[in-house]
Amino acid sequence: MKIKTLRIKNFRGYCGETSINFDNLTAFVGKNDMGKSSILEALDVFFNDSKGVIKLDKDDVNVGARANQENDISISVSFSELPDKVIIDATNETTLSNEHLLNVDGLLEIIKKYPNGGNPKVFIRAYHPTNPDCADLLLKKDSELRKIIEAKEIACDDRTRNAVMRTAIWQHYCDDLQLDTIDIDVTKGDTKSIWEKIQKYLPLYSLFQSDRKNSDGDSEVQDPLKEAVKEILRDEELQHTLDEVATTVERKLREVSARTLEKLQEMSPDIASTLNPVIPSANSLKWADVFKNVSITSDENIPINKRGSGSKRLILLNFFRAEVERRQGETNATSVIYAIEEPETSQHSENQKKLIKALSALAMAANTQVIITTHSATIVKNLNFNNIRIIRMDDTQKVVENTLPNQLPYPSLNEVNYLAFSEISEEYHNELYGYIEEQGLLESYKLGKTLVQYVRVLRDGATRNDQITMTEYIRHQIHHPENTYNVRFNETDLKESIEAMRLFIEAQP
């Protein structure tokens with residue numbers, strides 16, 4: 001399963017509902033405090049219910065929403081690449097489509113609402129039968145389903161499996177299902193068990209933040225290993241083995257407890273009669289906690305989190321590089337979403353290029369998605385245009401766009417960096433100038449512009465004073481750095497020239 005769309009409402013800086021589309025690799029870019037990290041953290045809340053990196057509370061409710069008495073945070077995720085078969089009751093195989101649990105677009109859409117930042121109410125938004133004669137079948141027990149089948153004389157080959165009986169009833173009313181979009185509450189009644197089963201098919205979500213406390217208990221490099229433990233423990237064969245171990249231990253503990261109480265009965269029947277063994281069931285055991293102290297240390301047994309931030313991020317970088325090889329070799333790997341804040345932190349540009357190359361390759365592996373935030377122009381320039389989502393303010397509402405407004409007739413990653421980070425670069429200046437020149441608009445562009453003196457070096461070595469626009473002055477200096485007769489343009493000159501060319505291009509019919 002993979003994230004297709006995220007919708008968030010009333011979470012931190014996102015007041016009105018904001019919809020975001022995802023790719024196999026999705027990179028969020030934008031200026032500081034624009035809400036990039038909030039997207040990754042909203043997903044952590046959704047997948048891990050405040051038991052992951054982010055702990056949700058009432059202060060996460062958007063201030064504007066709270067002022068309007070709207071205190072519910074809503075985080076909704078739609079999933080594609082759904083499993084062919086699922087088990088949602090007993091051991092009966094079925095499909096999400098047959099159970100009418102998909103939305104009108106054929107996606108599994110799960111909505112979690114957090115009243116005042118508290119515990120979630122969970123809904124599945126589905127294009128579902130609403131005909132009273134065949135609605136709410138997911139809430140009905142097997143005896144109730146059999147009663148409907150018998151009363152309506154519905155043909156059904158197997159009256160012992162709920163999934164088969166539901167399908168038979170819906171097929172009986174196939175011409176009058178009265179399908180409509182409804183939100184099915186899966187946190188009450190018998191639907192709770194359905195939600196517990198569906199949760200097992202959701203991807204693992206691993207959030208790696210850029211800022212970590214410098215403490216032994218919060219080591220940045222522990223996270224990759226901890227997430228690896230979670231994925232390893234999801235293996236069906238290993239789960240079966242662990243269940244057998246847990247059952248054996250539980251049985252032996254009960255034997256020890258029974259013998260102890262039996263002996264106590266001989267000496268003090270009154271006390272023995274008031275005692276009962278309290279032994280956790282096998283299903284309640286948390287095997288991941290057994291490995292909670294996994295870590296990596298240096299030769300001197302110094303935890304990596306005591307090393308420099310560059311070293312810590314290098315560990316993370318190479319974890320992902322190793323994951324590329326492993327996941328590409330596994331056809332039935334568990335669905336995993338890696339979310340990384342600012343992977344470029346403390347890394348030289350060459351390491352940034354290696355990292356984004358590894359993340360791009362990892363995103364191509366089966367059952368894998370990668371989500372990042374970045375302030376790095378180097379990272380952006382090594383992405384595909386369709387991977388980029390830019391976050392900006394539209395009046396008072398934050399907007400996340402996956403199709404950027406382009407000044408040029410082709411996707412320009414330099415323009416992405418200009419829009420996202422206000423990056424002023426000679427490369428972007430060249431692109432804009434080249435476009436104006438290619439369109440035959442240079443003379444029109446020069447009209448009305450202030451002219452400056454430029455000393456041109458002729459082929460015979462002589463010089464000549466020309467009067468040209470600042471844009472041409474910058475263009476000449478970029479392409480002829482050997483000409484030292486002119487004062488080098490500054491950052492303000494470059495910025496003003498870029499803005500002037502953008503405005504000129506925008507004004508063209």
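Residues numbered from 1 in each chain as written. Predicted model: local features only at pLDDT ≥ 70, side-chain atom pairs only at ≥ 80, totals over all residues. Heavy atoms only, no water.

(A) Structural context of the environment of M165. Among the structural elements, M165 can be located in helix α4 (residues 162-172). Placed 28 residues apart in sequence, M165 and L137 show a C-alpha to C-alpha distance of 9.4 Å. Setting aside anything within four residues of it in sequence, one finds M165 in contact with D142, L145, R146, I149, C156, D158 and R159. (Helix = DSSP H or I, 4+ residues; strand = E, 2+ residues; numbered from the N terminus. Contact = heavy atoms within 4.5 Å.)

(B) Main features of the pairing of strand β7 (residues 108-115). Burial analysis of β7 places six of its eight residues in the buried class, which makes it a mostly covered element. As paired elements, strand β4 (residues 72-80) and β7 share eight bridges and run antiparallel to each other. Its bridge partner lying in β7, S78 is registered against E109. As defined by bridge partners, β7 adjoins strand β8 (residues 121-129) across five bridges and the pair is classed as antiparallel. Directly across from I111, in β8, lies its bridge partner F123. Counted between consecutive antiparallel strands, the loop separating β7 from β8 contains five residues, among which N116 sits at a positive phi close to 55 degrees. (Buried < 20%, exposed > 50% of the residue type's maximum accessible area, 1.4 Å probe, protein only. Pairing = 2+ DSSP bridges.)

(C) Main features of helix α12 (residues 413-421). When you tally the buried positions in α12, you get eight out of nine residues, the bulk of the element. Taken residue by residue, α12 has L413, N414, E415, V416, N417, Y418, A420 and F421 as its buried positions. On its buried face, α12 sits against β3 (25-29), β12 (368-374), α11 (377-381), β13 (388-394), α13 (426-438) and α16 (491-506). At the C-terminal side of α12, S422 shows a positive phi close to 60 degrees.

(D) Inspection of the packing of aromatic side chains at higher detail. Taken as a whole and assessed by the stated rule, the structure comprises eight aromatic pairs. Relative to F47, the ring of F46 has its centre 5.1 Å away and its plane inclined at 80 degrees; by these criteria the two rings are edge-to-face. We note that F46, like F47, is buried. Both rings, one in Y418 and one in Y428, keep their centres 5.4 Å apart while their planes meet at 45 degrees; by these two values the pair is tilted. With Y418 in helix α12 and Y428 in helix α13, the pair connects residues that are 10 residues apart, well separated along the chain. With respect to class, Y418 is no different from Y428; both count as buried. Its end group placed over the ring of Y14, K398 keeps NZ or CZ at 5.3 Å from the ring centre. (Phe/Tyr/Trp six-rings, centres within 6.5 Å; stacked < 30°, edge-to-face > 60°. Lys NZ or Arg CZ within 6 Å of the ring centre and 35° of its normal.)

(E) Quick look at the nonpolar core. In terms of nonpolar packing, the biggest core is built from 49 residues, with I39, F79 and I371 touching the most fellow members. When residues no more than four places from it in sequence are discounted, the contact partners of I39 are L6, I8, Y14, I20, F22, F28, I391 and V400. (Core = buried A, V, L, I, M, F, W, Y, C linked by side-chain atoms within 4.5 Å.)

(F) Broad picture of the sheet that holds strand β11 (residues 336-341). Pairing is mixed in the open sheet, where six strands are placed in the order β10-β11-β12-β3-β13-β14. The open sheet has two free edges, formed respectively by β10 (204-208) and β14 (397-401), since each of these has just one partner strand. In this sheet, adjacent strand axes meet at a mean angle of 20 degrees when their direction is disregarded. Packed onto the sheet, helix α1 (residues 36-48) meets β3, β10, β11, β12, β13 and β14 and runs at close to 140 degrees relative to β10. Across the sheet, α12 is in contact with β3, β12 and β13; its angle to β13 comes to roughly 35 degrees. (Axes fitted to C-alpha atoms, helices over the stretch in contact; angles between N-to-C directions.)

(G) View of the confidence of the model for the chain. Averaged over all residues, the pLDDT of the chain equals 84, while 83% of them reach at least 70. Counting contacts from residues 212-222, a segment whose pLDDT is below 50, to residues more than four positions away or on other chains yields 25 contacts. (pLDDT = per-residue confidence, 0-100.)

(H) View of the packing of helix α3 (residues 142-152) against α4. Packing of α3 against α4 leaves a shortest axis separation of 10 Å and a crossing angle of 35 degrees. Here α3 and α4 pass one another in a crossing that is left-handed. Together, D142, L145, R146, I148, I149 and K152 of α3 and N162, M165, R166, I169 and H172 of α4 make up the contact between the two elements. Residues that form the contact of α3 with α4 fall into these classes: five nonpolar, two polar and four charged. (Left-handed = near helix turned anticlockwise from the far one by under 90°. Nonpolar A, V, L, I, M, F, W, Y, C, P; charged D, E, K, R; others polar.)

(I) Broad picture of a nonpolar patch on the surface. The grouping of V104, Y127 and L179 at the surface amounts to a nonpolar patch, some 250 Å² of accessible area in total. By secondary structure assignment, the location of V104 is in the loop between β6 (92-94) and β7. (Patch = residues over 30% accessible without salt bridge, like charges linked within 9 Å, V, L, I, M, F, W, Y side chains within 5 Å. Areas by Shrake-Rupley, 256 points an atom, 1.4 Å probe, with all protein chains shown as cover. Salt bridge = Lys/Arg side-chain N within 4 Å of Asp/Glu carboxyl O.)

(J) Quick look at the sheet that holds strand β9 (residues 179-185). Taken in spatial order, the six strands make up an open sheet running β2-β1-β4-β7-β8-β9, and their pairing is antiparallel. The open sheet has two edge strands with one neighbour each: β2 (18-21) and β9. Put simply, the sheet's adjacent strands are angled 20 degrees from each other on average, direction ignored. Where strand β1 (residues 2-9) meets β4, seven bridges bridge the pair, whose relative direction is antiparallel. From the neighbouring strand, K9 faces β4, where its bridge partner is S74. Contacting β7, β8 and β9, helix α5 (residues 191-199) crosses the sheet at an angle of about 115 degrees to β7.

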